[in-house]
Amino acid sequence: MYLAKVIGTVVSTSKNESLVGTKLLVVARLTEKLVPEGSTEIAVDSVGAGNGEIVIVACGSSARQTSGKEHSVIDAAIVGIVDTVEVA
C-alpha cells in the first residue's frame, strides 16, 4: 500500500467487463511527507474519493479483494481517504 493524491479521472466507454460500473481515478504516488514521487497510476475507487484528496492505494490481489472482484483485471484500488499523516 502507498499514499497518493487524486489528480484526475478517467472516462472509458469501452473496457473489460470486470471494470463495468467502477470509477477510475488517476493518482500520483506520495512520500511520507506528502511530496509527489514517481509516476502516476490509474486506480479503481472503492471509497468515493475526489479530486485533490490524499488516499491509500492497495495493489495486486489485495486491490481485487476490496472490490469483491477477485477475478477482475484490477491492479490498484483506492481503499481509504486520509485525514492526517503524522511522521515522527
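Everything numeric in this text was worked out from a predicted model, so none of it was measured.

**Q** Looking at this model, I keep getting lost on the side chain of S18. Mind explaining?
**A** Along the polypeptide, S18 turns up in the loop between strand 1 (2–10) and strand 2 (23–30). Among the polar contacts listed, one links the side chain of S18 to the side chain of N16, at a separation of 2.7 Å. A polar contact is formed between the side chain of S18 and the backbone nitrogen of V73, at a distance of 3.3 Å.

**Q** Sorry if this is basic, but what is going on with the nonpolar core here?
**A** Considering soluble globular proteins, one finds that nonpolar side chains tend to be buried as a cluster. Judged by nonpolar contacts, Y2, A4, V6, L25, V27, A43, A49, V55, V57, A76 and I78 together constitute the single largest core of eleven residues. When contributions to this core are tallied by element, the ones reaching two or more residues are strand 1, strand 2, strand 4 (54–59) and strand 5 (76–81). For this core, the element with the most residues is strand 1, which contributes three residues. Contacts of I78, omitting those with residues within four sequence positions, involve V6, L25, V27, A43, V44, D45, S46, V47, A49, V55, I56 and V57. Among the nonpolar cores identified, the runner-up in size contains six residues, and L24, V44, A63 and I74 belong to it.

Cut-off values and rules
- Residues numbered from 1 in each chain as written.
- Predicted model: local features only at pLDDT ≥ 70, side-chain atom pairs only at ≥ 80, totals over all residues.
- Heavy atoms only, no water.
- Helix = DSSP H or I, 4+ residues; strand = E, 2+ residues; numbered from the N terminus.
- Polar contact = N/O pair within 3.5 Å; in protein donor to acceptor, adjacent residues only side chain to side chain.
- Core = buried A, V, L, I, M, F, W, Y, C linked by side-chain atoms within 4.5 Å.
- Buried < 20%, exposed > 50% of the residue type's maximum accessible area, 1.4 Å probe, protein only.
- Contact = heavy atoms within 4.5 Å.

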